[in-house]
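Structural description and commentary
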Amino acid sequence: MQTIIFDVDDTLYDQLQPFRNAVVQQLDTSFSESEIVSLYKISRKYSDEVFEKYMSGEITALELQTYRITKACEEFGIALSYDQAVRFQEVYFTELQNIQLFDPMRQLLEQLSEQGKQLAVLTNGELDHQMRKVKQLQLTNWIPADHIFVSGAVGHSKPSLQVFEHIERKLKLEKQEILYIGDSFENDIFGAKKAGWNAVWVNHRKRKASHHKVKPDYIVESPDDILTIAPKWRD
């Protein structure tokens, strides 16, 4: 593989950590760790549900953010007011300023950079919001700024074929030489395989595949395992 492309959220860093801290600080209930994980997964489901409405301008980023936590809390029998949902998002945003790369992902970026691989990022989200994460994670230490693609700037989002083809054109890539690494089966794996790319599913949240006819080339159940399969990409 000559080009390795990464998702950001919950692939390069632990997105559960800022979410957990926001839950502990803002929700008036005593959640177990397993319940926090479940609440997180449900919130991401609702986020994906309305993401295209955000991309098309039908709703704002704040409307998406308050919707996903409000609907997730409803499934736990918790009624959040709009102001409470806004405050939750504010705390979550503050906590995002403390995110750090998974250590194995940092090691992987260093190894791939030393090997001369072409590196890039493809992430869904609003440009400024995602670029703040890129800055916090110091991704430009390994990835050129013009190799960082955010759906909000591209105009298409994963899993649409257009966003993958956009990167192919910009970086002049050959499909068989591309490997995409992401945690979301629907957005990352389904999208990448539909585009003809190779794909690694970082399934550390133990999610089920949403398309049984689509198979990732590799599956790791923990970021710690990513380094064990990396030697297979050297050629």
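To keep things clear, this report deals only with the structure shown in the data block. Since this is a predicted model, take the numbers as computed values, not measurements. (Residues numbered from 1 in each chain as written. Predicted model: local features only at pLDDT ≥ 70, side-chain atom pairs only at ≥ 80, totals over all residues. Heavy atoms only, no water.)

1. Details of the packing of helix α3 (residues 61–74) against helix α4 (residues 82–96)
Put simply, α3 and α4 touch, their axes get as near as 9 Å, and they point 105° apart. Classified by the angle their axes make, α3 and α4 are roughly perpendicular. Residue-level contacts link Leu 62, Gln 65, Thr 66, Arg 68, Ile 69 and Thr 70 of α3 to Tyr 82, Ala 85, Val 86, Phe 88, Gln 89 and Tyr 92 of α4. Residues that form the contact of α3 with α4 fall into these classes: 7 nonpolar, 4 polar and 1 charged. (Axes fitted to C-alpha atoms, helices over the stretch in contact; angles between N-to-C directions. Helix = DSSP H or I, 4+ residues; strand = E, 2+ residues; numbered from the N terminus. Parallel < 35°, antiparallel > 145°, perpendicular 65-115°, else oblique. Contact = heavy atoms within 4.5 Å. Nonpolar A, V, L, I, M, F, W, Y, C, P; charged D, E, K, R; others polar.)

2. Digging into unusual backbone geometry
Here the bond from Lys 158 into Pro 159 is cis, since omega is 10°, no more than 30 degrees from zero. The residue Pro 159 is located in the loop between α7 (151–154) and α8 (161–171) in this model. The phi torsion at Gln 138 lies on the positive side, around 60°, for a residue other than glycine. Inspection of the secondary structure assignment puts Gln 138 in the loop between α6 (127–136) and β3 (148–150). Despite not being glycine, Lys 206 shows a phi value in the positive range, around 55°.

3. Comments concerning the side chain of Ser 184
With respect to the secondary-structure elements, Ser 184 resides in the loop between β4 (178–182) and α9 (185–194). Only 3.1 Å separates the side chain of Ser 184 from the backbone nitrogen of Asn 187, close enough to count as a polar contact. Apart from the residues within four sequence positions on either side, Ser 184 is in contact with Ile 189 and Trp 201. (Polar contact = N/O pair within 3.5 Å; in protein donor to acceptor, adjacent residues only side chain to side chain.)

4. A closer look at the layout of surface pockets
Reported here for the largest pocket is a volume of approximately 840 Å³. Lining the largest pocket we find 38 residues, and of these Gln 15, Arg 44, Ser 47, Asp 48 and Asn 187 sit closest to its centre. Only α2 (33–55), α3, α6 and α9 provide two or more residues apiece to the lining of the largest pocket. Residue contributions to the lining of the largest pocket peak at 10 residues, all from α2. Per-class residue counts for the lining of the largest pocket are 11 nonpolar, 11 polar and 16 charged. (1 Å grid on protein atoms, 1.4 Å probe; cavity = no way out; pocket = protein on both sides within 12 Å on 5 of 7 lines; lining within 4 Å. Points joined across faces, edges and corners; volume = space filled by probe spheres on them.)

5. Looking at the nonpolar core
Looking at soluble globular proteins, one finds that nonpolar side chains tend to be buried together. Counting residues in hydrophobic clusters, the biggest one holds 52 residues, and the most contacted among them are Phe 6, Phe 19, Ile 181, Val 200 and Trp 233. Every residue in contact with Phe 6, bar those within four places of it in the chain, is listed here: Leu 12, Met 105, Leu 108, Leu 109, Leu 112, Leu 119, Ala 120, Val 121, Leu 122, Tyr 180 and Ile 181. (Core = buried A, V, L, I, M, F, W, Y, C linked by side-chain atoms within 4.5 Å. Buried < 20%, exposed > 50% of the residue type's maximum accessible area, 1.4 Å probe, protein only.)

6. Brief notes about the pairing of strand β2 (residues 118–123)
With respect to burial, β2 is a largely interior element, 5 of its 6 residues being buried. Summarising the sheet, strand β1 (residues 3–6) and β2 pair through 4 bridges and their orientation is parallel. Paired with Ile 4 across the two strands is Leu 119, which belongs to β2. In this structure, β2 lies alongside β3, joined through 3 bridges in parallel fashion. Paired with Leu 122 across the strands is Phe 149, a residue of β3. What joins β2 to β3 is α6, and the crossover it makes is right-handed. (Pairing = 2+ DSSP bridges. Right-handed = clockwise from strand over helix to strand, strands pointing away.)

In short, geometric facts, not functional conclusions.
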